[in-house]
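Coordinate analysis (summary)
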Amino acid sequence: MSLSLEMRKLKRTGYFFAFLAGGLLASAFPLVNMLVRPENFVSLPGDPFTILVDANWQMMAMLNILISICGACMMYHTEYADNGMQKMEVLPVRPSSLFWGKFAIGSLVLAVMILMETSVLSGCAVHWFPAYQFDFLQVAKSAGFQWMVTLPTVMLMLVLSSACRNMWVSLGIGVILVFTLSILPQDNLILSFFPFSSPYQTFSTAVEKGRQFLLLGVCAVETIGLGLVALLYQRVRRWYQ
């Protein structure tokens, strides 16, 4: 019920179009890269799919994060506009259901974006590397890993957006966080756990360093923990309103 309600509320906001456009933009980056300078990549030794991911994912991950930031702000802007959140409280809908419904939609559209991007990366590998043998399991593992390590960022942005009535405040915080954490060293183990930093981690690098399960576990705990913090905050805020 809450999921369908959230879908209807977002239908006319441009939310889904923004994610589609962001996914197409991120997917176009490796394609343009290969069209302009293929010789820089085809001569490199190693697995072609891994080469393309390592060369392009930093920019693609940043675009995913920025779109997730805008999406979370857009979700709660519709709630706070014209006191929509207060009006929802008189309906038989729990605030927790609304929050988890928004997170479910954000997670699903993020999954669609990452599937689009991974498909283009694998397509580039097949086209420009004649010796490459398409490995569905490798591609699926990479896509699932990138989705999982981005979920804490999606959750944290929803938490910030739910706490800020002014959309520009949460948007500003999100932009500051994404650019601050993007300039920090991504190979540091502790920093790689932080939301807004974990999406830059790639599956091949994590496997090489033997930390893929650690990253997945920490990101899962962060996502659940941030969700519980949001629900607790919403309950406390209702007491003081």
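About the cut-offs
Residues numbered from 1 in each chain as written. Predicted model: local features only at pLDDT ≥ 70, side-chain atom pairs only at ≥ 80, totals over all residues. Heavy atoms only, no water. Helix = DSSP H or I, 4+ residues; strand = E, 2+ residues; numbered from the N terminus. Core = buried A, V, L, I, M, F, W, Y, C linked by side-chain atoms within 4.5 Å. Buried < 20%, exposed > 50% of the residue type's maximum accessible area, 1.4 Å probe, protein only. Contact = heavy atoms within 4.5 Å. Expected span 1.5 Å × (residues − 1). Arc of directions from axis to C-beta. Polar contact = N/O pair within 3.5 Å; in protein donor to acceptor, adjacent residues only side chain to side chain.

Let's talk about the environment of Ile 183
The residue Ile 183 is located in the loop between helix H8 (167-182) and helix H9 (203-208) in this model. Each C-alpha atom of the pair Ile 183 and Ser 197 lies 9.4 Å from the other, and the pair is 14 residues apart in sequence.

A short note on the nonpolar core
In this structure, Ile 69 and Phe 196 are the most contacted members of the largest nonpolar core, which totals 54 residues. Of all elements in the fold, only helix H2 (15-36), helix H4 (48-80), helix H6 (95-128), helix H7 (136-163), H8 and helix H10 (212-240) reach the threshold of two or more residues within this core. At 17 residues, the largest contribution of residues to this core is made by H4. Residues within four places of Phe 196 in sequence aside, it is in contact with Ile 65, Ile 69, Thr 153, Leu 156, Met 157, Gly 174, Leu 177, Val 178 and Leu 181. With six residues, the next largest nonpolar core counts Phe 145, Phe 193, Leu 215 and Cys 219 among its residues.

Some thoughts on H8
Taking 1.5 Å as the rise per residue, H8 with 16 residues should run 22 Å; its terminal C-alpha atoms sit 23 Å apart, in good agreement. The set of residues buried in H8 consists of Ser 170, Leu 171, Gly 174, Val 178 and Leu 181. Buried positions in H8, seen along its axis, are confined to an arc of 120° and lie on one side of it. Exposed residues lying more than 90 degrees from the buried face of H8 are Trp 168 and Ile 176. Buried residues belonging to H8 abut H4 and H7. Measuring from the backbone nitrogen of Trp 168 back to the side-chain oxygen at the start of H8 gives 2.9 Å, which picks out Asn 166 as the cap.

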